[in-house]
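Each chain, written out:
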Amino acid sequence: MRSRYEITKEIKTRVKKQLAQEKSVVVKERLLAVHMYINGMRQEDVGKSLGRNRGFVGRAVKKYFAEGKEGFKEQRGGDRRSQLSQKQKKEIGYIINHSCPINAKGWDGKIIVDLIEYKYGIKVSRESVYYMLKQLNISYKKAKKVDPKKSEVKIKEWKINIKKT
């Protein structure tokens, strides 16, 4: 095995220990690639066994020897913290539960977004509003298109007539 890195027994045991303790799936996969590589497998074989390519293994090994396990931390953004405080969220929940919007039949995501922007000056997405409602244990129901002229009685009569023929 041709290697650019000095692989000692100490490094092997450290990687094995980190692999056993790691909880993040992303970091664990990269550590596993490093573990397999430093124990004698070729990059191509490691890639095949993990369902990845040789480049993935090479980048993981290079990053590990340059930065250690910390180099594997996810850098995709992760969770975004809410701009609203818990107090503000509870206040919005109270408003939704104890009042009704003036120009609409009920609360919907767009109206709540507008309320938050008007009251606190914070722009939020509808998706984050629905997530906030879930956190506050406020259920919501999406409107269904229903024909106001639809008659259940006529539908039942029609079904009975269809069965007779």
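Read on for a plain summary of the structure. (Residues numbered from 1 in each chain as written. Predicted model: local features only at pLDDT ≥ 70, side-chain atom pairs only at ≥ 80, totals over all residues. Heavy atoms only, no water.)

Some points on the overall build of the protein chain
Counted only if it meets this: To qualify as a helix, a DSSP run of H or I must reach at least 4 residues; to qualify as a strand, a run of E must reach at least 2; elements of each kind are numbered from the N terminus. In this analysis, two residues are considered to be in contact whenever any of their non-hydrogen atoms come within 4.5 Å of each other. Note on areas: Shrake-Rupley, 1.4 Å probe, and residue coverage restricted to the protein chains presented here.
For the protein chain, the helix and strand inventory stands at eight helices and zero strands. In the protein chain, 47% of the contacts between residues at least 6 apart in sequence involve partners at least 24 apart. As displayed, the protein chain offers around 13500 Å² of accessible surface, 50% of which is attributable to carbon and sulfur atoms.

Observations regarding the environment of E6
Rules: Under the scheme applied here, a residue whose accessible area is under 20% of the maximum for its type counts as buried, over 50% as exposed, and between as partly exposed, the area being computed with a 1.4 Å probe on protein chains only.
Tracing the chain through its elements places E6 in the segment before α1 (9-21). Assessed through its relative accessible area of 64%, E6 is described here as exposed. Spatially, the C-alpha atom of E6 lies 9.5 Å from that of I38, the residues being 32 residues apart in sequence. If near-sequence neighbours (up to four positions away) are discounted, E6 is found in contact with I11 and F65.

A closer look at the pattern of salt bridges
This is how it is decided: Every case where a carboxyl oxygen of Asp or Glu lies within 4 Å of a side-chain nitrogen of Lys or Arg is listed as a salt bridge.
Scanning all chains against the criterion turns up seven salt bridges. For E44, the salt bridge is made with K48, and the minimal N-O distance between the two is 3.9 Å. Residue E44 and its partner K48 are both found in helix α3 (residues 43-50); the two are separated by four residues, about one turn of the helix. Classification of E44 as partly exposed rests on a relative accessible area of 37%. A salt bridge links K119 to E91; its shortest N-O distance comes to 3.2 Å. One end of the pair, K119, is in helix α6 (residues 109-120); the other, E91, is in helix α5 (residues 86-98), with 28 residues separating them in the sequence. For K119, a relative accessible area of 39% puts it in the partly exposed group. One network of salt bridges, with partners in common, ties together R42, E44, D45 and K48.

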